[in-house]
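Observations on the three-dimensional arrangement
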Amino acid sequence: MEKIIDEKQQGNALVMEPKTGNGKKLMIESYGCQMNFSDSEIVASILAKEGFDTTQSLEEADLVLINTCSIRDKAEQTVRKRLEKYNAVKKINPGMKVGVLGCMAERLKAKFLEEEKIVDLVVGPDAYKDLPNLINEVEEGRNAVNVILSKDETYGDISPVRLQSNGVSAFVSITRGCDNMCTFCVVPFTRGRERSRDPQSIMEEVNDLAKKGFKEITLLGQNVDSYLWYGGGLKKDFKNASEMQKATATNFAALLRMVAEAHPKMRIRFSTSNPQDMTLDVIEAMAKYRNICNYIHLPVQSGSNRILKEMNRLHTREEYFTLIDNIKRLIPDVAISQDMITGFPTETEEDHQDTLSLMEYVKYDYGFMFAYSERPGTMAARKLEDDVPEEVKKRRLTEIVSLQREHSLYRTQQFVGKTVEVLIEKESKKSDAHWSGRTTQNTVAVFPKKNYKVGDFVNVKIEDCTSATLIGEAVGYSENN
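These remarks concern the structure in this document. Quantities reported herein were computed from a predicted structural model and do not represent experimental measurements.

Thoughts on the sheet that holds strand β10 (residues 216–220)
On the basis of which strands lie adjacent, the open sheet formed by three strands has the order β7-β10-β13 and parallel pairing. Here the strands that pair on one side only, and so sit at the sheet edges, are β7 (169–173) and β13 (267–271). Between one strand axis and the next, the sheet turns by 25° as a mean value, whatever way the strands run. Of the strand pairs in this sheet, β7 and β10 are connected by five bridges, and their pairing is parallel. In the sheet register, Phe171 faces β10, and the bridge partner there is Thr218. Those strands touched by helix α1 (residues 34–48) are β7, β10 and β13, and its axis lies near 90° from that of β7. The sheet contacts of helix α8 (residues 252–262) involve β10 and β13, and relative to β13 the element is tilted by about 155°.

The structure is reproduced here in structure tokens:
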């Protein structure tokens, strides 16, 4: 379940350099997870070939696409508000066409097109290559919809345009879809079954990013650890592969090693991991290669075995602890972050205490914490009554968030007095005299600019911290530069 949601990024219109100059303007807004932002880059690339330049101005757009998320009710409400705004603009500019992409497209196709008549086209996550045809349909006055989920689409042959890029870090998509039928999650229904992308096309994309001067990539998927390439096809069909295919298959640890060895000075990150799929060979690869970042996003969702079972999470609390112990044994200075859902149906006070005690054991660096919101179409919505009162959910969430804040501060305090390598990404939000970048543990660090520039690897002596940010002074370039 991919929820690395940077609230500042939500809904930003993505812009690339104008290529065509022939006047067709595309505005594309993204909501939700990194996967959606990555998909928007693929869409922009497909439409650039059709003569569309991107714009941030709604008023001048010929085509407005909104890349949507169904993970939480709040994400869907935000998208609805945006669609209302587009419709107001449509009255002034009747030629403007509006389309919904991504996870909500799959879920609400009929509602958007027929009932509410608020969009012209609806395109699911596996149908972006069909966009040119769908746009032609719309231009001829017909509604257009393609939400068919694919068994083999990975967009491996499309070179994404890097939208809103800082030129330093980029996402590289390696798997699509998810086979984990967690009862709270819509992803398997909105993005389909799991399939992996050809490692050769991944390497070509990474090599191209290295040539362009990118310093860091994030290998991206709903569940990266279960990456498995055996010549194409669904992950679940691997059992039917030939002996030769099985013998020559590439798993996630092998892919990590390939990428790390090809570009020793490029930082490698990956997201999201799932506890039951994270194998020892992945942790060993992380420990072996200096350029694979010491950071793992490892969603747990609950600390209670009973609730984990209700969620159809394929791990227990004890198995999760064993995994954490192995990670910390092999990578002592690793940072780990969590996803946590509180107030899942039937959750008791005892279950909630189990979650808090699990957090005490791990002491996560940071986390993404939500009160349960029922998603239509999921197994939980069909089988379980959303029976935890709203005020109880809120109180439990507050307790989880405040414990996480304590742990985050505890983790950042460990860095005070140490010198860490930081990759400069941008100017600090709070001061134009400071740079902001991240450590290998994914912790944000800010420091005075001096003569350094974006994209430099610098050693920074940490003098102070908040629960989210390290504050220090650059003491020279790192050996990675």
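Observations concerning α1
Over its 15 residues, α1 runs 21 Å from end to end, which matches the ideal 21 Å to within 8%, given 1.5 Å per residue. Where burial is concerned, most of α1 is hidden: 15 out of the 15 residues are buried.

Some points on the packing of aromatic side chains
Within this structure, the stated rule accounts for nine aromatic pairs. For the pair Phe184 and Phe344, a centre-to-centre distance of 6.5 Å together with 85° between the ring planes defines the contact as edge-to-face. A residue pair is termed long-range when its members are at least 10 positions apart, and Phe184 in the loop between β8 (175–176) and α5 (187–191) and Phe344 in the loop between β15 (335–342) and α12 (349–362) qualify at 160 residues. Across this residue pair, the class does not change: Phe184 and Phe344 are buried. Aromatic pair Phe252 and Phe270: ring centres 5.1 Å apart, planes at 75°, arrangement edge-to-face. Placement of the pair is Phe252 in helix α8 and Phe270 in strand β13, with a sequence separation of 18 residues. Among the residues examined, Phe270 registers a relative accessible area of 2% and is labelled buried. Here the aromatic cluster, defined as three or more aromatic residues joined through ring pairs, consists of Phe184, Phe344 and Tyr372. Positioned over the ring face of Trp435 is Lys449, at 4.6 Å from the centre of the ring.

Here we look at the pattern of salt bridges
Using the criterion set out here, one finds 35 salt bridges in the structure. Its salt-bridge partner being Asp237, residue Lys236 comes within 3.6 Å of it at the nearest N-O pair. Residue classification places Asp237 among the partly exposed positions, given a relative accessible area of 27%. With its nearest N and O atoms 3.2 Å apart, the salt bridge here joins Arg290 to Glu421. Residue Arg290 is found in the loop between α9 (280–288) and β14 (295–297), and its partner Glu421 is found in strand β17 (residues 419–427); the two are separated by 131 residues along the sequence. Accessibility expressed as a relative area gives 17% for Glu421, which makes it buried. Among the charged side chains, a salt-bridge network with shared partners connects Glu216, Arg267, Arg269, Arg290, Glu421, Glu425, Arg438 and Glu479.

Definitions and limits used
Along each chain, residues carry numbers from 1 onward, in the same order as the chain's sequence is written. Totals for whole chains, interfaces and linings use all residues, but because this is a predicted model, local features are given only for residues with pLDDT of at least 70 and pairs of side-chain atoms are given and counted only at 80 or more. Excluded from the side-chain calculations are hydrogens and water; all other atoms, namely the structure's heavy atoms, are used. The rule for pairing is simple: two strands pair if DSSP sees at least two bridges between them. We count a stretch as a helix when DSSP gives it H or I for four or more residues in a row; a strand needs E for two or more, and each element gets its number in order from the N terminus. Structural elements are reduced to axes, namely lines fitted to C-alpha atoms, with helices fitted over the stretch in contact, and the angle between N-to-C directions of any two is expressed from 0 to 180 degrees. Pairs of residues are marked as contacts when any of their non-hydrogen atoms sit within 4.5 Å. Helix span is expected to be 1.5 Å times the residue number reduced by one. Working definition: with a 1.4 Å probe on protein chains only, accessible area under 20% of the residue-type maximum means buried, over 50% means exposed, and in between means partly exposed. Centres within 6.5 Å make a pair out of two Phe, Tyr or Trp rings, where for Trp the six-membered ring is used; the pair is then stacked when the planes are under 30 degrees apart, edge-to-face when over 60, and tilted otherwise. Placement of a positive charge over a ring is assigned whenever Lys NZ or Arg CZ falls within 6 Å of the ring centre and within 35 degrees of the normal to the ring plane. Any Lys or Arg side-chain nitrogen located within 4 Å of an Asp or Glu carboxyl oxygen qualifies as a salt bridge.

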